[in-house]
Amino acid sequence: MDLAAQKNDLIKWIQSIEDSDILNKLEFIKSEETFDFDKEWERGVSIEEARNKSKEFIKALPWEK
């Protein structure tokens, strides 16, 4: 997909958003002048780590004991 098509898809998606929380997050990203995608990517968690944290959370629920 070329850049113009990606932008068009994003514009259509943004226009369809009705959740104010998502719009606020997008506005925050837009206003951040120092947003560094690579740095944010590094701070992310792997799917395996997320899966393990989810399992730990579920096991800690009172009805799971």
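Since we're looking at a predicted model, the values are computed, not measured.

Caption draft 1: Spotlight on the overall build of the protein. Within the protein one finds four helices and zero strands. What you see for the protein is a C-alpha radius of gyration of 18 Å, clearly larger than the 11 Å of a compact globule of 65 residues, by over 25%. Judged by the C-alpha coordinates and their principal axes, the protein covers about 50 × 30 × 25 Å. Within the protein, the proportion of its 65 residues that are buried is 3%. Counting every atom, the protein has about 6500 Å² of accessible surface; 56% of that belongs to carbon and sulfur. Counting 11 positive and 16 negative side-chain charges, the protein places the averaged centre of each group 5 Å from the other.

Caption draft 2: Summary view of helix H2 (residues 20–31). The end-to-end C-alpha separation of H2 is 16 Å, in line with the 16 Å expected for 12 residues at 1.5 Å each. Two to three positions downstream of the cap, the backbone nitrogen of aspartate 21 sits 2.8 Å from a side-chain oxygen, assigning the N-cap of H2 to aspartate 19.

Caption draft 3: Structural context of a nonpolar patch on the surface. A cluster of nonpolar side chains, contributed by Leu10, Trp13, Ile14, Ile22 and Leu23, occupies part of the molecular surface with about 430 Å² of accessible area. If you tally residues by element for the nonpolar patch, the top one is helix H1 (residues 3–16), at three residues. Inspection of the secondary structure puts tryptophan 13 in helix H1.

Caption draft 4: Molecular detail of the confidence of the model for the protein. Confidence in the prediction of the protein, expressed as mean pLDDT, is 87, and 95% of residues score 70 or more. Least confident of the elements in the protein is helix H3 (residues 37–43), whose mean pLDDT is 85; most confident is helix H4 (residues 47–60), at 93.

Caption draft 5: Region of interest: the pattern of salt bridges. Inspection of the entire model under this criterion finds three salt bridges. The partner of arginine 43 in a salt bridge is glutamate 40, with the nearest N and O atoms 3.1 Å apart. With a gap of three residues between them, arginine 43 and glutamate 40 both fall in helix H3, about one helical turn apart. Under the relative-accessibility criterion, arginine 43 is labelled exposed at 60%. Residue classification places glutamate 40 among the partly exposed positions, given a relative accessible area of 32%. With its nearest N and O atoms 3.5 Å apart, the salt bridge here joins lysine 53 to glutamate 49. Here lysine 53 and its partner glutamate 49 are both found in helix H4, four residues apart, which amounts to about one turn of the helix. With relative accessibility at 47%, the residue lysine 53 sits in the partly exposed group.

Rules of the game
- Residues numbered from 1 in each chain as written.
- Predicted model: local features only at pLDDT ≥ 70, side-chain atom pairs only at ≥ 80, totals over all residues.
- Heavy atoms only, no water.
- Helix = DSSP H or I, 4+ residues; strand = E, 2+ residues; numbered from the N terminus.
- Rg over C-alpha atoms; globule rule 2.2 N^0.38 Å.
- Buried < 20%, exposed > 50% of the residue type's maximum accessible area, 1.4 Å probe, protein only.
- Areas by Shrake-Rupley, 256 points an atom, 1.4 Å probe, with all protein chains shown as cover.
- Lys, Arg positive; Asp, Glu negative; His and termini not counted.
- Charge placed at Lys NZ, Arg CZ, Asp CG, Glu CD.
- Expected span 1.5 Å × (residues − 1).
- Polar contact = N/O pair within 3.5 Å; in protein donor to acceptor, adjacent residues only side chain to side chain.
- Patch = residues over 30% accessible without salt bridge, like charges linked within 9 Å, V, L, I, M, F, W, Y side chains within 5 Å.
- Salt bridge = Lys/Arg side-chain N within 4 Å of Asp/Glu carboxyl O.
- pLDDT = per-residue confidence, 0-100.

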